[in-house]
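# An overview of the molecular structure
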Amino acid sequence: MSERRRRPVKAYRNLTFLNSKQARALRILAEYLEPRSRFEQHKVDDTIVFMGSARLQPREAAEQALAKAEAGGGDLVAARMALTMSAYYEAARDLAFRLTQWSKQLDSKERRFVVCTGGGPGIMEAANRGAAEARGVNVGLTISIPVEEFDNPYVTRELAFHFHYFFMRKFWFAYLAKAVIVFPGGFGTLDELFELLTLVQTRKMRKPLPIVLFGTEYWRQVIDFDALVRHGTINARDVELVHRTDSVDDAYNWIVLQLTEHALGQPGPML
């Protein structure tokens, strides 16, 4: 009996090739085209991006951890700080809830100013949670890194994305964003903040992009913008690229004002 003739594999079904160095351009293009198709399918015009630490806890979890530490089961200083920082989790949750309620009233067909995060825990979970509690769709742009698995059940399933390339994930943050709210965070948060500030400062990003730094004392300690001015490495007016606040009411009112004046009449992604 003659052996069955083996058919050659089509290029787009050849996993060895698709995962090779030679096909990197195709993988990068896929991380542009596949998200775009889903955003268009679900009529997501633009977003409000929430950034911040993945390590911050909800108040209830922080209170439980503090009680355990006080009973001798952990680091008391760290537990007290975690409870203090949990205020930012609750603020992000509240702010996302209110902004989602507001945005849902704007257009019955298109989805404007949808809450978008990095899809992880901490501040990201808080913002997705607030949006979900307001019964609004929300976006999660996760990244593949070798860390312990996490669960953020609040991201809208159809708008949960998983990226390999950091720069493609950053592209989707910037391209869809009409406002950005930055809560206390670490290296990743600082990286994303300074990239956006650079785009705005150099006018490579032509659209208005209101940026809120939430948590004035944290940001005062972590970034000394005034020192940059004194040393002549930025202009004094560059400090005004961010709006600083500790108030959910103030952040909400300022963002809604900026979006109403500068973005409401220009739906859709843009740089």
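A brief structural summary. No experiment lies behind these values; they were computed from the predicted model shown. (Residues numbered from 1 in each chain as written. Predicted model: local features only at pLDDT ≥ 70, side-chain atom pairs only at ≥ 80, totals over all residues. Heavy atoms only, no water.)

### Some points on the layout of surface pockets
- Its volume calculated, the largest pocket comes out at about 980 Å³.
- As for the largest pocket, its lining consists of 35 residues, and the residues nearest its centre are Ala54, Pro121, Met124, Ile145 and Arg169.
- Counting residues per element, the ones that place at least two in the lining of the largest pocket are strand 1 (47-51), strand 3 (139-143), strand 4 (160-163), helix 6 (166-176) and helix 7 (187-201).
- If you tally residues by element for the lining of the largest pocket, the top one is helix 7, at 5 residues.
- Of the residues belonging to the lining of the largest pocket, the class tally is 15 nonpolar, 14 polar and 6 charged. (1 Å grid on protein atoms, 1.4 Å probe; cavity = no way out; pocket = protein on both sides within 12 Å on 5 of 7 lines; lining within 4 Å. Points joined across faces, edges and corners; volume = space filled by probe spheres on them. Helix = DSSP H or I, 4+ residues; strand = E, 2+ residues; numbered from the N terminus. Nonpolar A, V, L, I, M, F, W, Y, C, P; charged D, E, K, R; others polar.)

### What to know about the pattern of salt bridges
- A full pass over the atoms with the stated rule returns 13 salt bridges.
- Arg112 is paired through a salt bridge with Asp46; the nearest N and O atoms lie 3.0 Å apart. Highlighted residues: Arg112 in the loop between helix 4 (76-104) and strand 2 (114-117) and Asp46 in the loop between helix 2 (24-41) and strand 1, separated in sequence by 66 residues. Take Arg112 and Asp46: they sit in the same class, and that class is buried. (Salt bridge = Lys/Arg side-chain N within 4 Å of Asp/Glu carboxyl O. Buried < 20%, exposed > 50% of the residue type's maximum accessible area, 1.4 Å probe, protein only.)

### A few points about unusual backbone geometry
- A positive phi is found at Phe113, a non-glycine position, where the angle reads about 55 degrees.
- Tracing the sequence through the fold places Phe113 in the loop between helix 4 and strand 2.
- Positive phi is not limited to glycine here, since Arg135 has a value of about 60 degrees.
- With respect to the helices, strands and loops of the structure, Arg135 is situated in the loop between helix 5 (123-133) and strand 3.
- Taking relative accessible area as the criterion, Arg135 reaches 74% and is therefore assigned exposed.

### Things to note about the pairing of strand 3
- Of all 5 residues making up strand 3, 5 are buried, and the element is well covered by its neighbours.
- Alternating residues of strand 3 divide into Val139, Leu141 and Ile143 and Gly140 and Thr142, and every residue in both groups is buried.
- As defined by bridge partners, strand 2 adjoins strand 3 across 2 bridges and the pair is classed as parallel. What sits directly across from Thr117, in strand 3, is Gly140. (Pairing = 2+ DSSP bridges.)

### Things to note about the nonpolar core
- Phe39, Leu141 and Val180 are the most contacted members of the largest nonpolar core, which totals 35 residues.
- Elements that contribute at least two residues to this core include exactly strand 1, strand 2, strand 3, strand 4, helix 6, strand 5 (177-182), helix 7 and strand 6 (211-214).
- Among the elements that line this core, the one with the most residues is helix 6, at 5 residues.
- Once residues within four sequence positions are removed from consideration, Leu141 is found in contact with Phe39, Cys116, Thr117, Gly118, Gly119, Phe161, Phe163, Arg169, Trp172 and Phe173. (Core = buried A, V, L, I, M, F, W, Y, C linked by side-chain atoms within 4.5 Å. Contact = heavy atoms within 4.5 Å.)

### Quick look at the packing of aromatic side chains
- Summed over all chains, the structure comprises 14 aromatic pairs.
- Between Tyr32 and Phe171 the ring centres are 5.8 Å apart and the planes differ by 65 degrees, which places this aromatic pair in the edge-to-face class. Of this pair, Tyr32 sits in helix 2 while Phe171 sits in helix 6, and the two are 139 residues apart along the sequence.
- With a relative accessible area of 24%, Tyr32 lands in the partly exposed category.
- On the accessibility criterion, Phe171 (23% relative accessible area) is partly exposed.
- One cation-aromatic arrangement involves Arg98 over Tyr252; the distance from NZ or CZ to the ring centre is 4.6 Å.
- The ring of Phe113 is capped by Arg112, whose NZ or CZ atom sits 4.4 Å from the centre of that ring. (Phe/Tyr/Trp six-rings, centres within 6.5 Å; stacked < 30°, edge-to-face > 60°. Lys NZ or Arg CZ within 6 Å of the ring centre and 35° of its normal.)

### Details of the sheet that holds strand 4
- Pairing in this open sheet of 7 strands is parallel, and the strands run 4-3-2-1-5-6-7 from one edge to the other. Each having just a single partner strand, strand 4 and strand 7 (242-245) make up the two edges of the open sheet. Each neighbouring strand pair of the sheet contributes to a mean axis angle of 20 degrees, computed without reference to strand direction.
- Pairing analysis gives 4 bridges linking strand 6 to strand 7, with the strands arranged parallel. The residue bridging Leu213 from the neighbouring strand is Arg244, located in strand 7.
- Most of the contacts of helix 2 go to strand 4, to which it runs at about 175 degrees, and overall it touches strand 3 and strand 4.
- Across the sheet, helix 10 (residues 248-262) lies against strand 1, strand 5, strand 6 and strand 7, angled at about 175 degrees from strand 6, the strand it touches most. (Axes fitted to C-alpha atoms, helices over the stretch in contact; angles between N-to-C directions.)

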